[in-house]
Amino acid sequence: MKIKRSSFVTSAVKIEQYPDTELSEIAFVGRSNVGKSSLINMLLNRNGLAKTSSTPGKTRLVNFFDIDGKFTLVDLPGYGYAKVSKSQKGEWKTIIDTYLSNRKNLIEVVLLVDSRHEPTDDDKEMYNWIKMYGYNGIVIATKADKLSKTKLEKSVRSISKSLGMDSRGFIIPVSSETRFGKYDVWDAFNELFKVNNYDVYFERQDNKNVVENDLICNDDVQKVEKPLNKKNRRRNDPEYKQKMKLKKQKEARKNRKKVKK
Ligand SMILES: Nc1nc2c(ncn2[C@@H]2O[C@H](COP(=O)(O)OP(=O)(O)OP(=O)(O)O)[C@@H](O)[C@H]2O)c(=O)[nH]1
Ligand SMILES: [Mg+2]
């Protein structure tokens, strides 16, 4: 399957706000700022489909993304963000817990941990919860671009040990910046679809479309939207356009005056 369309469905807090669908869901959980929303965008080759921010706490609701009407990716709020009030923390925890423990469509939970750090107590608690509820759990180590290959391997081993993963468990290192690990995540999803007798398969693009050791992919799934550079951003800004128009008019007036003289 080549993904032709991925789209935002809805944001929800309460059960009755979840989309009324039979489609299977894969949910992304992890600490605030670990890179959940960025990973969803990277997997779908979409910039800005899931909102991201360098400030922790960007995703505050349960966000549903439809993939070609075949399955759904779910972006959850992050946990463990120290700088929010106790009541806010409780609220987010309730939102996450409510989704995870009630959603029948949920077929797998993807736990994201930062490749540079040891898992926090919250991460460990979440991993245990995933296992307790009978999911295998797909563990992903994010921001792999921030570590050298050797450090990354060492860190991944250490994270696996801290989480108490068994010999069958493995961690997928990824980088949403370089797109490293993208196909490994899709491979894990393909396996999941197979196990669940789900008639979906994400095709790996052939090698001629894959540049730099699989790090950057130029597949024809969806064109990567290039972020606008400063010049183009300004060109698209109506306020800036108006300012430039006024500037040009002023210059033209000046030139006319000069000619008259
Ligand atoms: N270098 C690097 N930065 C990343 C990567 N993934 C995410 N980031 C950055 O980390 C910050 C947080 O990313 P988000 O995707 O918004 O994180 P989140 O887990 O969705 O955060 P919440 O919505 O607060 O739970 C942003 O500034 C991203 O640009 C990555 O692979 N490499
Ligand atoms: Mg987010």
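Values in this document were obtained by computation on a predicted structure and should not be read as measured data. (Residues numbered from 1 in each chain as written. Chains lettered and ligands numbered in written order. Predicted model: local features only at pLDDT ≥ 70, side-chain atom pairs only at ≥ 80, totals over all residues.)

Draft legend 1. Geometry of the overall build of the chain. The secondary structure content of the chain amounts to 7 helices and 9 strands. When the 261 residues of the chain are sorted by exposure, 31% land in the buried category. Contacts in the chain between residues far apart in sequence, at least 24 positions, make up 68% of those at least 6 positions apart. (Helix = DSSP H or I, 4+ residues; strand = E, 2+ residues; numbered from the N terminus. Buried ≥ 20, exposed ≤ 12 C-beta atoms within 10 Å, placed from the backbone. Contact = placed C-beta atoms within 7 Å.)

Draft legend 2. Representation of helix α4 (residues 149–163) in the model. Relative to the 21 Å expected for 15 residues at 1.5 Å per residue, α4 spans 21 Å between its end C-alpha atoms, a close match to the ideal helical length. Among the residues of α4, those classed as buried are Leu 152, Ser 155, Val 156, Ile 159 and Leu 163. Along the axis of α4, the buried residues cluster in a sector spanning 105°; they form a single face. Away from its buried face by more than 90 degrees, α4 exposes Thr 150, Glu 153, Lys 154, Arg 157 and Lys 161. At its buried positions, α4 is contacted by β5 (106–114), α3 (121–132), β6 (138–142) and β7 (171–173). Just downstream of α4, Gly 164 is the residue with a positive phi angle, here 75°. (Expected span 1.5 Å × (residues − 1). Arc of directions from axis to C-beta.)

Draft legend 3. How the structure looks around the site of ligand 1. Around ligand 1, the structure places 24 residues, and the nearest of them are Gly 35, Ser 38, Thr 52, Thr 59 and Gly 78. Considering every element that reaches the shell around ligand 1, the biggest residue donor is helix α1 (residues 36–44), with 3 residues. Residues that form the shell around ligand 1 fall into these classes: 3 nonpolar, 15 polar and 6 charged. (Near = placed C-beta within 6 Å. Nonpolar A, V, L, I, M, F, W, Y, C, P; charged D, E, K, R; others polar.)

Draft legend 4. Looking closely at the environment of Asn 105. As for its position among the elements, Asn 105 is in the loop between α2 (86–102) and β5. For Asn 105, a count of 17 C-beta atoms within 10 Å puts it in the partly exposed group. Distance from Asn 105 to Ile 26, taken between C-alpha atoms, is 8.5 Å for residues 79 residues apart in sequence. Once you skip the residues sitting within four places of it in the chain, Asn 105 turns out to touch Leu 23, Ser 24 and Glu 25.

Draft legend 5. Representation of the sheet that holds strand β2 (residues 25–30). Strand order in the open sheet made by the 7 strands is β1-β3-β4-β2-β5-β6-β7, with mixed pairing throughout. Two strands lie at the open edges of the sheet, namely β1 (6–12) and β7, each paired on one side alone. Each adjacent strand pair in this sheet contributes to an overall mean axis angle of 25°, direction not counted. Of the strands in this sheet, β2, β5, β6 and β7 touch helix α5 (residues 182–195), which is tilted by about 145° from β7. (Pairing = 2+ DSSP bridges. Axes fitted to C-alpha atoms, helices over the stretch in contact; angles between N-to-C directions.)

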